[in-house]
Amino acid sequence: MNPQRRQWLRQGAALALAAAVPLQALADTFADEAPAFDTHDLDWVDAARQRPVPVRLYRPRTRHPVPVVVFSHGIGGSRMGYTWLGQTFARHGIASLHLQHVGSDRQLWSGNVFNLVGRLQAAAQEAEAIARAQDMRFALDTLLTGDLAPGVDAERIVAAGHSYGANTTLLVSGASVEREGRVIELRDERVRAAIAISAPPFYGEAQPRKVLGPVTLPSLHVTCTEDVIRIPGYYSGAEDRLAVFDAIGSPLKWLAVYEGGSHSMFTDRGGSGGALNPKAKQATGALAVAFVRAVLDGDAQALALWPERHAAILARFSAVGTQHDRG
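Residues numbered from 1 in each chain as written. Predicted model: local features only at pLDDT ≥ 70, side-chain atom pairs only at ≥ 80, totals over all residues. Heavy atoms only, no water.

Describing the overall build of the protein
Moving on, step 1. Of the regular secondary structure elements, the protein holds 9 helices and 13 strands.
Moving on, step 2. Counting over 327 residues, the protein shows a buried share of 55%.
Moving on, step 3. Within the protein, counting contacts between residues at least 6 apart in sequence, those at least 24 apart form 75% of the total.
Moving on, step 4. Accessible surface, the protein: about 14000 Å² in total, of which carbon and sulfur atoms supply 52%. (Helix = DSSP H or I, 4+ residues; strand = E, 2+ residues; numbered from the N terminus. Buried < 20%, exposed > 50% of the residue type's maximum accessible area, 1.4 Å probe, protein only. Contact = heavy atoms within 4.5 Å. Areas by Shrake-Rupley, 256 points an atom, 1.4 Å probe, with all protein chains shown as cover.)

In structure tokens form, the structure reads like this:
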């Protein structure tokens, strides 16, 4: 049996056992885990591509190497965004490296408003999608060979992203895009698992299973029933998030769907998604930490208990490969 498959089966068994633990055993899953962390803004440049890759690193204060999540923002975002998630990871002993993709970052919103649609469409093209995946590889290369390398565990790396960043995450996790008879290979073998928040369908791809079937890493998918993308020149309904989850080839995959909300609720915007916003952020932070611990360390209790703890705001929770699919 393939060693990686064996590990997934062990993790699935651990989840099955953890589901029997009473809720009160983890009454406050993360209550006593709030170590201090440092925030580093680093202006890296990939000389080979002549492309800046600014990053923000949330780094727990600990003497031991920690897992790292490398995070990719949505279109028009920056390394300064998704602070709620970066800080949550860091408070729970997980480093969080937030990239800024200069071809599809916040600069898109600057300039002549009449050219905005053109700028957004250019940022969504294949060249930028590939460049974003290459940004992630470069950032990991730099992190793991630089002064900060002793503080992170190169064997425990998770890719994560929101919206366009979720597409980037899936590309480095094995998504297969074919052009002119040639597969564009962007998989980064160092990535052990993927977190895709509000993932849109891949641009111009009519067969999602062909593209996403090769993603066999454990994956976590987060969305909501009102997760609709509306930007000038582009529309994607909430059903697209579910189609991405269904098409993923991961033998172990989880899906959390909140009731209500909005696509931008998962950014740092406080008002988007109404009253669900802070609840969804808190729940998603706990879910992401639990997922990382389950797939990297085999500690599955928090992940197994999570859907019961947050049932009041959930429309659906699925845990494929764990014998506890609650769809």
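So, the pairing of strand 3 (residues 66–72)
Moving on, step 1. Of all 7 residues that make up strand 3, 7 are buried, and the element is covered over most of its length.
Moving on, step 2. Pairing of strand 3 with strand 5 (residues 152–162) involves 6 bridges; the strand directions are parallel. From the neighbouring strand, Val-69 faces strand 5, where its bridge partner is Val-158.
Moving on, step 3. Sheet topology places strand 3 next to strand 4 (residues 95–99); 4 bridges connect them, and they run parallel. What sits directly across from Phe-71, in strand 4, is His-98. (Pairing = 2+ DSSP bridges.)

Description of unusual backbone geometry
Moving on, step 1. We note that Gln-50 has phi near 55°; this positive angle belongs to a residue other than glycine.
Moving on, step 2. Among the secondary structure elements, Gln-50 is positioned in the loop between strand 1 (37–46) and strand 2 (51–60).
Moving on, step 3. The class of Gln-50 is exposed, set by a relative accessible area of 73%.

Quick word on the pattern of salt bridges
Moving on, step 1. This structure, assessed with the given rule, holds 13 salt bridges.
Moving on, step 2. For Arg-49, the salt bridge identified is with Asp-46, shortest N-O distance 2.6 Å.
Moving on, step 3. A residue is classified by how much of its surface remains accessible, and Arg-49, at 25% relative accessible area, is partly exposed.
Moving on, step 4. The residue Arg-156 makes a salt bridge to Asp-153 at a minimum N-O spacing of 2.9 Å.
Moving on, step 5. Judged by its relative accessible area of 18%, Arg-156 falls in the buried class. (Salt bridge = Lys/Arg side-chain N within 4 Å of Asp/Glu carboxyl O.)

Describing the sheet that holds strand 4
Moving on, step 1. Read across the open sheet, the 9 strands follow the order 1-2-4-3-5-8-9-12-13; overall the sheet is mixed. Both outer strands of the open sheet, strand 1 and strand 13 (314–320), are each paired with one neighbouring strand and no more. Between one strand axis and the next, the sheet turns through 15° on average, direction left out of account.
Moving on, step 2. Sheet strands touched by helix 5 (residues 164–172): strand 3, strand 5 and strand 8 (191–197). Its angle to strand 5, the strand with the most contacts, is close to 140°.
Moving on, step 3. Contacts from helix 9 (residues 301–309) reach strand 12 (253–258) and strand 13, with the element oriented near 155° to strand 13. (Axes fitted to C-alpha atoms, helices over the stretch in contact; angles between N-to-C directions.)

Quick look at the packing of helix 4 (residues 126–145) against helix 5
Moving on, step 1. Between helix 4 and helix 5, whose axes approach to 9 Å, the crossing angle comes to 65°. The orientation of helix 4 with respect to helix 5, classified from their angle, is roughly perpendicular. Of the two elements, helix 4 crosses helix 5, and the hand of that crossing is right-handed. From helix 4, Glu-128, Ala-129, Arg-132, Ala-133 and Met-136 reach across to helix 5, where they touch Tyr-164, Gly-165, Thr-168, Thr-169, Leu-171 and Val-172.
Moving on, step 2. Of the residues belonging to the contact of helix 4 with helix 5, the class tally is 6 nonpolar, 3 polar and 2 charged. (Parallel < 35°, antiparallel > 145°, perpendicular 65-115°, else oblique. Left-handed = near helix turned anticlockwise from the far one by under 90°. Nonpolar A, V, L, I, M, F, W, Y, C, P; charged D, E, K, R; others polar.)

Some points on the confidence of the model for the protein
Moving on, step 1. Summing up the model confidence of the protein, the mean pLDDT is 86 and the portion of residues at 70 or higher is 82%.
Moving on, step 2. Confidence drops under a pLDDT of 50 for residues 1–32, and excluding neighbours within four residues, the segment shows 49 contacts in the predicted structure. (pLDDT = per-residue confidence, 0-100.)

Structural notes on the packing of helix 2 (residues 83–91) against helix 8 (residues 276–297)
Moving on, step 1. One way to put it is that helix 2 packs onto helix 8 with a least axis distance of 10 Å and a crossing angle of 45°. As far as their axial angle goes, helix 8 and helix 2 are oblique. For the crossing formed where helix 2 meets helix 8, the hand is right-handed. Here Trp-84, Leu-85, Thr-88 and Phe-89 of helix 2 lie close against helix 8, whose contacting residues are Lys-281, Thr-284, Gly-285, Ala-288, Val-289 and Val-292.
Moving on, step 2. When grouped by side-chain class, the residues that make up the contact of helix 2 with helix 8 number 6 nonpolar, 3 polar and 1 charged.

A word on the environment of Gly-161
Moving on, step 1. Relative to the elements of secondary structure, Gly-161 occurs in strand 5.
Moving on, step 2. Once the C-alpha coordinates of Gly-161 and Val-69 are considered, the two residues, 92 residues apart in sequence, prove to be 9.6 Å apart.
Moving on, step 3. Setting aside chain neighbours within four positions, we find Gly-161 in contact with Phe-71, Ser-72, Ala-166, Thr-169, Ile-195, Ala-196 and Ile-197.

Quick look at helix 8
Moving on, step 1. Taking 1.5 Å of rise per residue, the 22 residues of helix 8 would be expected to cover 32 Å, and the 30 Å separating its terminal C-alpha atoms lies within 8% of that figure.
Moving on, step 2. Among the 22 residues that make up helix 8, 18 are buried, leaving the element largely enclosed by the rest of the structure.
Moving on, step 3. Once helix 8 ends, the next one or two residues include Gly-298, with phi positive near 75°. (Expected span 1.5 Å × (residues − 1).)

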